[in-house]
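So the chains spell out like this:
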Amino acid sequence: HPDERVPLALLQGAWSSRLATEDGWALHLYARAVRDADAEGTAWTPLLDRMAAAGVWPKQRGRVFLSGRLQIVEPRSVEQHLEPVRTWARTQTDPEALAELDGFDTPALKAKVTSRRAALQAVTQEFRAPAPAATSAPVSASDADSAPIADESAVAARTSDPITGPTLAPEVRLTDAQVEGLLRFSQGANGKTELDQVRPEVRRAIDVLIAYERLPSEALGQLYQSCRRIKEWVIRIVAHGAATIELWRNALRDNNWLEVRLAVAKSRLARGDAVIRRMLSRSTSADVICALCRDGDQSDLGSLVRRVVRVDPQGVLSALRDAAAEALVRLTPADLLPLLQHEDAAIRDGAIALLPRLARA
């Protein structure tokens, strides 16, 4: 706005520190800025931005003589003014659209733009949906130079299957800012229980994070909290190489999905945790129990074998073959009797081959 040039110059110079202590001046500037913003139909202007960045913001209501009359002005907070701008930024799927906000200096707004752009740039072209019709930001243009847009990350999709989902090329490196931005995106899945309830850009961000093999364990834990009610993502998260004992425990406590229990049971590290092992052992799934039988050094091996040996003899036999040799000393021939008496000769022969590794009857 042409009339903003003088107050902008004052706020940029040495006067800004003096104005910050004069609430009357701050209230008058605020009233002018809001009047001009309302006239332009915008939520944020260069004058409001400079006031917020300089700390010149009214702290309480007061009277202001403006536009030829005395008015009572009730100032809103910076956060309240920025909310529609943030909402607009969250709806953008093209990082170049955010260039409209690059000239503003308010830290809260700059942080939002930086994280949103980093998240969008980390999402691969393969994960992008068709770009929606362009809309303008609810801000008034600034004469400040626009900040340069960083080059897009060299993210390339490698494969995608219904079990593990998309994966990324091994040479991909996401910056800390990109990971942080994607994590903020992922919060859009909070409270959702189905994939189709999640906005497309949030889904793409979560897909990228889960597919990133170098994702730190702490970041994976934050991601789990955002999408722990959506089974498809939880299955992939617990199977991630950065998954921790704490994450596995939380996943087993938070739901009773068989697919999640199977995914956790595939990890020897997870099965070795006493708490996780107790939770998995309560399962009625033969596949889960057979997975636990691969850890023959556990004291519960005999009882686990007896639970499923008649239900899934081939699964038990395969698990015991994979178990460490010293583990089978906890079993006796009586535990394998159903295998030794099985009608399938291959199963009988496999059980006989295990006998030298068992404890003596």
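Everything discussed here concerns the structure shown above.
Right, let's walk through the structure included here.

## Examining the packing of aromatic side chains
Okay, step 1: On inspection of all chains with the given rule, the structure shows two aromatic pairs.
Okay, step 2: Their ring planes at 70° and their centres at 5.4 Å tell us that tyrosine 30 and tryptophan 57 sit as a pair that is edge-to-face. Of this pair, tyrosine 30 sits in helix 3 (residues 23-40) while tryptophan 57 sits in the loop between helix 4 (46-54) and strand 1 (62-66), and the two are 27 residues apart along the sequence.
Okay, step 3: Each residue in the set Tyr30, Trp44 and Trp57 is aromatic and connected to the rest through ring pairs, giving one cluster.

## Points about helix 19 (residues 345-354)
For the α-helix, the turn length of 3.6 residues means that residues three or four positions removed from each other point alike.
Okay, step 1: Of all the positions in helix 19, only Ile347, Gly350, Ala351 and Leu354 are classed as buried. What you see down the axis of helix 19 is that its buried residues fit within an arc of 100°, all on one side. Seen from the buried face of helix 19, the exposed residues on the opposite side, beyond 90 degrees, are Asp349 and Ala353.
Okay, step 2: The inward-facing, buried residues of helix 19 abut helix 17 (313-322) and helix 18 (337-340).

## Some details on the environment of proline 84
Okay, step 1: Structurally, the position occupied by proline 84 is in helix 5 (residues 78-91).
Okay, step 2: In sequence terms proline 84 and tryptophan 44 are 40 residues apart; their C-alpha atoms lie 8.9 Å from each other.

## Observations regarding the nonpolar core
Okay, step 1: Leu223, Val238, Val264, Val305 and Leu320 are the most contacted members of the largest nonpolar core, which totals 66 residues.
Okay, step 2: Each residue touching valine 238, except ones within four places of it in the same chain, is listed here: Ala243, Leu247, Trp248, Ala251, Val260, Ala263 and Val264.
Okay, step 3: Within the second largest apolar cluster, 26 residues are counted, among which are Tyr30, Ala52, Leu82 and Val85.

## Brief notes about the pattern of salt bridges
Opposite charge on two side chains allows them to pair when their charged atoms are near.
Okay, step 1: Counted according to the given criterion, the structure contains 13 salt bridges.
Okay, step 2: The partner of glutamate 79 in a salt bridge is arginine 86, and the shortest N-O contact between them spans 2.4 Å.
Okay, step 3: Using a relative accessible area of 16% as the deciding quantity, one classes arginine 86 as buried.
Okay, step 4: Taken together, the salt bridges that share partners define one network made up of Arg268, Arg271, Arg277, Asp295 and Asp300.

## With respect to the environment of glutamine 80
Okay, step 1: Take glutamine 80: it is sitting in helix 5.
Okay, step 2: Residues glutamine 80 and alanine 43, 37 residues apart in the sequence, show an inter-C-alpha distance of 9.8 Å.
Okay, step 3: Here serine 77 takes part through its backbone nitrogen, which lies 2.9 Å from a polar atom of the side chain of glutamine 80.

So, how was this worked out
Residues numbered from 1 in each chain as written. Predicted model: local features only at pLDDT ≥ 70, side-chain atom pairs only at ≥ 80, totals over all residues. Heavy atoms only, no water. Phe/Tyr/Trp six-rings, centres within 6.5 Å; stacked < 30°, edge-to-face > 60°. Helix = DSSP H or I, 4+ residues; strand = E, 2+ residues; numbered from the N terminus. Buried < 20%, exposed > 50% of the residue type's maximum accessible area, 1.4 Å probe, protein only. Arc of directions from axis to C-beta. Contact = heavy atoms within 4.5 Å. Core = buried A, V, L, I, M, F, W, Y, C linked by side-chain atoms within 4.5 Å. Salt bridge = Lys/Arg side-chain N within 4 Å of Asp/Glu carboxyl O. Polar contact = N/O pair within 3.5 Å; in protein donor to acceptor, adjacent residues only side chain to side chain.

Keep in mind these values describe shape, not function.
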